[in-house]
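Residue-level listing of the chains:
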Amino acid sequence: MSSTPPRRAPRARRLPRRLSQLYVGLALYGASSAFLVRAGLGLDPWDVFHQGLAERLGWSIGTVSVTVGALVLLLWVPLRQRPGLGTVSNVFAVGLSMDATLAVLPDVHGLVPQAALLTAGIVLNGVATGLYICAAFGPGPRDGLMTGLHRRTGRSVRLVRTGIELTVLAAGFLLGGTAGVGTIAYALAIGPLSQLFLKVFALPEPVEPPEAEAEAGAEAQARAAAAEGVLPRVAAS
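Here the structure is a predicted model, which means the values were calculated and not measured.

Another point: the overall build of the protein chain. Looking only at helices and strands, the protein chain features eleven helices and zero strands. Going residue by residue from the N terminus, the α and β elements of the protein chain occur as α-α-α-α-α-α-α-α-α-α-α. In the structure as shown, the protein chain presents an accessible area of about 11700 Å², 67% of it carried by carbon and sulfur atoms.

Next up, the structure:
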């Protein structure tokens, strides 16, 4: 009797690492968003919107993030987008992590501590983005909205993403969310940082027979994103 292991074992052995990257990445993404909130110098566009809604509704910003993520996911239906494990996990994990971090992270005062916390939050956000995207379990709800609109309208990904983020930024600012120098710093730094960490956390190519290639669609998309610099927003992505 042959003792040769199943031919799909190489990919199966990577599953624990992929799951770890997914959930560590989502948890760190929520924590990084909390850092930006406490820094008080401006949030990324979606969190400006979340914070503005939280102020109006009297909810925690994490609860608003979860609710908005779930509502955005409903928009996938007419766009014919298919969620994955990472998509559903994103809806809940980022908001919960954000609220948990805010519960233990005190306010900071003074420009130097605020700038330090802002910098740490942006860098951590880049690390989190590289981790969860390279896990290749599917995009976050907001990312899927972007790619779905891109397919349905024929507009470029960058144009669609810019339109979405400017819209939520303006809405969030009008609702009372914090936009400022931190928002600009995030916009300028997150692309290069995410690109760097997409390379750092990229999974090695599996050694598998040709017929298994059809199962690697999500991972191929993650690698393509790393190569082309198309960096979806995770949560908050």
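So, next bit.
With that out of the way, let us pick up the packing of helix α2 (residues 15-39) against helix α7 (residues 111-135). Packed helix pairs are characterised by how far apart their axes lie and by the angle those axes make with each other. Interhelical geometry of α2 versus α7 gives an angle of 160 degrees and a closest axis separation of 7 Å. Relative to α7, α2 is oriented roughly antiparallel. With respect to the hand of their crossing, α2 and α7 are arranged in left-handed fashion. Residues of the contact of α2 with α7, tallied by class, amount to 20 nonpolar, eight polar and two charged.

Another aspect to go through is the packing of helix α4 (residues 61-74) against helix α8 (residues 141-153). One can describe the packing of α4 onto α8 by two numbers: an axis separation of 8 Å at closest approach and a directional angle of 30 degrees. When the interaxial angle is binned, α4 and α8 end up roughly parallel. Pair α4 / α8 crosses with left-handed handedness. On α8, the residues touching Ser-65, Val-68, Gly-69, Val-72 and Leu-73 of α4 are Pro-141, Arg-142 and Leu-145. Looking at the contact of α4 with α8, its residues break down into five nonpolar, two polar and one charged.

Topologically, Arg-14 is positioned in the loop between α1 (9-13) and α2. The class for Arg-14 is buried, based on a relative accessible area of 10%. A distance of 2.4 Å separates a polar atom in the side chain of Arg-14 from the backbone oxygen of Pro-204.

Let us look at helix α9 (residues 157-175). If you check α9, its first and last C-alpha atoms are 27 Å apart, about what 19 residues at 1.5 Å a residue would give, namely 27 Å. For α9, the full list of buried residues reads Val-157, Val-160, Ile-164, Glu-165, Val-168 and Gly-172. The arc that holds the buried residues of α9, viewed along the axis, is 120 degrees, so those residues lie on one side. The outward face of α9, more than 90 degrees from its buried face, is lined by the exposed residues Arg-158, Leu-159, Leu-166, Thr-167, Phe-173 and Leu-174. For α9, the side-chain oxygen to backbone nitrogen distance between the N-cap and Leu-159 is 3.0 Å, and the N-cap itself is Ser-156. After α9 finishes, the residue Gly-176 shows a positive phi value of roughly 110 degrees.

Here is what the cut-offs are and how they apply
- Residues numbered from 1 in each chain as written.
- Predicted model: local features only at pLDDT ≥ 70, side-chain atom pairs only at ≥ 80, totals over all residues.
- Heavy atoms only, no water.
- Helix = DSSP H or I, 4+ residues; strand = E, 2+ residues; numbered from the N terminus.
- Areas by Shrake-Rupley, 256 points an atom, 1.4 Å probe, with all protein chains shown as cover.
- Axes fitted to C-alpha atoms, helices over the stretch in contact; angles between N-to-C directions.
- Parallel < 35°, antiparallel > 145°, perpendicular 65-115°, else oblique.
- Left-handed = near helix turned anticlockwise from the far one by under 90°.
- Nonpolar A, V, L, I, M, F, W, Y, C, P; charged D, E, K, R; others polar.
- Contact = heavy atoms within 4.5 Å.
- Buried < 20%, exposed > 50% of the residue type's maximum accessible area, 1.4 Å probe, protein only.
- Polar contact = N/O pair within 3.5 Å; in protein donor to acceptor, adjacent residues only side chain to side chain.
- Expected span 1.5 Å × (residues − 1).
- Arc of directions from axis to C-beta.

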